[in-house]
Amino acid sequence: MRVLFKIMDRLLEQVRLDLLRPHAFAAERVGFLVCGVAKLAPSGTVILAHSFRPVEDTDYVDDPTVGAMMGPGAIRKALEFALNNKVGMFHVHMHDHSGRTRFSLIDARESARFVPDFWNVRPGIPHGAAVLSRNSAFGMCWHPAVPVPIEIDEFVVVGSPMFFTRNSP
Amino acid sequence: MSQRYARQSFLGPNAQETFNNCRVAIIGLGGGGSHIVQQLTHIGIGNFLIYDADQVEDSNLNRLVGATREDVGLKTPKAVVATRLIRSVIPNASITPVPKKWQESAELLRGSDVVFGCVDSFSERQQIETTARRYMIPYIDIGMDVHDLGTQFAVSGQVILSMPGELCMKCMGFLREDLLAREAENYDVAGSRPQVIWPNGVLASLAVGIFVQLMTPWNKNYRRVWYLEYDGNLQTVATSNRLEYLKEKKCNHFLSVEDLGDPF
Amino acid sequence: MMLLPEQMGELKAICADAREMSEAGQAYVYLPGLRLPEGSNPAEADGLLSLQGREGYPTRLFLSQQIVGKGNNWNSFRILDKTWFACSWNNVSSALRLAEILAEHLRAFR
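Cut-off values and rules
- Residues numbered from 1 in each chain as written.
- Chains lettered and ligands numbered in written order.
- Predicted model: local features only at pLDDT ≥ 70, side-chain atom pairs only at ≥ 80, totals over all residues.
- Helix = DSSP H or I, 4+ residues; strand = E, 2+ residues; numbered from the N terminus.
- Rg over C-alpha atoms; globule rule 2.2 N^0.38 Å.
- Buried ≥ 20, exposed ≤ 12 C-beta atoms within 10 Å, placed from the backbone.
- Contact = placed C-beta atoms within 7 Å.
- Nonpolar A, V, L, I, M, F, W, Y, C, P; charged D, E, K, R; others polar.
- Pairing = 2+ DSSP bridges.
- Axes fitted to C-alpha atoms, helices over the stretch in contact; angles between N-to-C directions.
- Expected span 1.5 Å × (residues − 1).
- Parallel < 35°, antiparallel > 145°, perpendicular 65-115°, else oblique.
- Left-handed = near helix turned anticlockwise from the far one by under 90°.
- Core = buried A, V, L, I, M, F, W, Y, C linked by C-beta atoms within 7 Å.

A. Spotlight on the overall build of chain B. Helix and strand counts for chain B come out as eight helices and eight strands. A compact globule built from 264 residues would reach a C-alpha radius of gyration of about 18 Å, and chain B, at 18 Å, matches this within 12%. Viewed in the frame of its principal axes, chain B has a C-alpha envelope of about 50 × 45 × 45 Å. A total of 264 residues make up chain B; the buried ones form 46% of that total. Taking the contacts inside chain B whose residues are at least 6 apart along the sequence as the reference set, 70% of them involve residues at least 24 apart.

See below:
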């Protein structure tokens, strides 16, 4: 299944700037992209980022073993938003370097723990997680029709000019 | 290595790869759309989704790029003419011809990178733009008209880029409820309006130029909103002065997340 | 545009799954499985009731299928990323109650 992720350049810039803000103790910041979703013919999904909900400063847990750890309040608020809005939620954080990026082992482990919980409040819709670098992106999509998380095949930054990152070989 | 695109290498080192991977939809393959198909083919677009429900008629031959006398006799669908034109230059292009009204297979648009609209009516434009916004697709619209002023004729046209997040055609004053209402009252007039090849060529070229600027980094003076007005009597093209009055305006027509993705 | 709950209730008595939707700031009521007037072919279709002026119609009823032999000048429209059909049946005021608006539009198919 092909997964296409689209985001406006201005929103992406807003997200990158927010994620680079310093935090009192967390080394990284995180947030959620609120997304519309749709099927792609013949078999695929397009994820359309609408807006960004940063995790609030007080919702981080001080855990020096990881870059950022969301507290239960952060997850609860994101779940509540998904419950009240027919949207896909994509967790996002940043690796502050240029070029291609991927999930770290911790990113992959933690995403697998909380992303499927969104189906408890908003089933039947893809949710996922992404990581940005300064000029690229990588992400995974938990899709209701697929038993395992699948890599986002392509990120499209819509703007002038357009920018494409294709992660599939 | 092929020298086919050597003369457009100034567009950037990745331009041809971008063009080859790009997915372009063209709705309307008549006088304007056929020009756009031709130009996009020559610059090396690799993936086409092309819509037109009509077949070639004799009255099309004054302007339909790629159509022949034989096509008139055979009642060749315009989508087939466009396919043939593309294949004659890029034999392995991915082409999805849809010889139907675009609304009947609109879900195919969702994966497009850019949509060109070359249609006859304001209502169609509104529908295409709304669909394009729903899937975060830049929409480039072209159209021409010949007006009978009584003492003489005036030829005019427009090229508009409706970029998601930026001013839409309603914001620009191009789509208005009074125009839509008048059009709905005169629903059968569109097909008989005068149409000629040279304004279509001008407008199509401008549209493709805007597209290339969207896709490649060759021109650092990027613009996010385009509204070009063609005066076919003076043979001029100028940015609509409406944009001057709209500099501070933000589009508030497509703000909700409900306007993104499949609402069902 | 929030619709009055009691009027939505009246609509739901006609179409149980009626729900509000919007697109580009225009308000609609989605009417899945709307039963059409007796003798209609098809007997039911999904409906979409437009409640704000568009194309010179103060309100308009769009259907997922054309009704055979009823209504004039059918045209197709892409709204909410689905294809809908509507005939030229105009001048149903938006000032009426929702159920009345629907009833007036269905008169086109009697």
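B. Just the interface of chain C and chain B, in detail. On the chain B side, the residues contacting the 18 residues of chain C number 23 residues. Elements that contribute at least two residues to the side of chain C that touches chain B include exactly β1 (19–23), β5 (75–79) and β6 (82–86) of chain C. When residues of the side of chain C that touches chain B are assigned to their parent elements, the largest contribution, four residues, is made by β5 of chain C. Its residues assigned to classes, the side of chain C that touches chain B comprises four nonpolar, eight polar and six charged.

C. Structural context of the sheet that holds strand β8 (residues 236–239) of chain B. Residues and elements named next belong to chain B. On the basis of which strands lie adjacent, the open sheet formed by eight strands has the order β3-β2-β1-β4-β5-β6-β7-β8 and mixed pairing. Edge positions in the open sheet fall to β3 (94–98) and β8, since each of these has one partner strand only. This sheet shows a mean twist of 15 degrees between the axes of neighbouring strands, independent of strand direction. Taken together, the six bridges between strand β6 (residues 153–162) and strand β7 (residues 226–231) define a ladder with antiparallel strand orientation. Within β7, the position partnered with G157 by the bridge is Y230. Each of β4 (114–117), β5 (139–148), β6, β7 and β8 is contacted by helix α7 (residues 197–215), which is oriented at about 160 degrees to β5, the strand it contacts most.

D. Main features of the interface of chain B and chain A. Opposite the 25 residues of chain B that make contact, chain A presents 23 residues. Elements with a minimum of two residues in the side of chain B that touches chain A: α1 (15–21) and α7 of chain B. The dominant element in the side of chain B that touches chain A, judged by the number of residues it contributes, is α7 of chain B, at three residues. Grouping the constituent residues of the side of chain B that touches chain A by class yields 12 nonpolar, seven polar and six charged.

E. Region of interest: α7 of chain B. The terminal C-alpha atoms of α7 of chain B lie 27 Å apart, and with 19 residues this matches the ideal 27 Å at 1.5 Å per residue to within 8%. Among all positions in α7 of chain B, only P199, N200, V202, L203, A204, A207, V208, I210, F211, V212, L214 and M215 of chain B are buried.

F. Spatial organisation of the packing of helix α2 (residues 31–43) of chain B against α7 of chain B. All names here are of chain B. Two numbers describe how α2 lies on α7: the axes approach to 8 Å, and their chain directions differ by 45 degrees. Taken together, the axis directions place α2 and α7 in an arrangement best described as oblique. Crossing angle aside, the handedness with which α2 passes α7 is right-handed. In contact with G31, G32, H35, I36, Q39, L40 and I43 of α2, α7 contributes I197, N200, G201, L203, A204, S205, A207, V208 and V212. Residue composition of the contact of α2 with α7, grouped by class: nine nonpolar, seven polar and no charged.

G. Geometry of the nonpolar core. Residues I47 of chain A together with I26, I27, I50, V115, F116 and A207 of chain B are the most contacted members of the largest nonpolar core, which totals 124 residues. Within the second largest apolar cluster, 24 residues are counted, among which are C15, A18, L34 and L63 of chain C.

H. Quick look at the sheet that holds strand β7 (residues 150–151) of chain A. Residues and elements named next belong to chain A. The strand order across the open sheet formed by nine strands is β7-β6-β5-β4-β2-β3-β1-β8-β9, and the pairing between neighbours is mixed. Single-partner strands in this sheet number two, and they are β7 and β9 (163–166). Two elements, strand β2 (residues 30–40) and strand β4 (residues 88–94), share six bridges in a ladder whose sense is antiparallel. Among the inter-strand pairings, V30 is bridged to a residue of β4, identified as H93.

I. Representation of the pairing of β4 of chain A in the model. Residue and element names in this part refer to chain A. The buried fraction of β4 is high, at seven of seven residues. Burial of the side chains of β4 extends over both faces: G88, F90, V92 and M94 are buried on one face and M89, H91 and H93 on the other. Both β4 and strand β5 (residues 127–132) contribute to a ladder of five bridges, which runs parallel. Along β5, the bridge assignment pairs F90 with G128.

J. Seen up close, the packing of α2 of chain B against helix α4 (residues 78–89) of chain B. Residue and element names in this part refer to chain B. Close contact between α2 and α4 brings their axes to 9 Å; oriented N to C, the two are set at 15 degrees. Accordingly, the angle class assigned to the pair α2 and α4 is roughly parallel. Seen along the crossing, α2 lies across α4 with a hand that is right-handed. Judged by residue contacts, S34, V37, Q38, T41 and H42 of α2 engage A82, L85, I86 and V89 from α4. Within the contact of α2 with α4, the residues separate by chemical class into five nonpolar, four polar and no charged.

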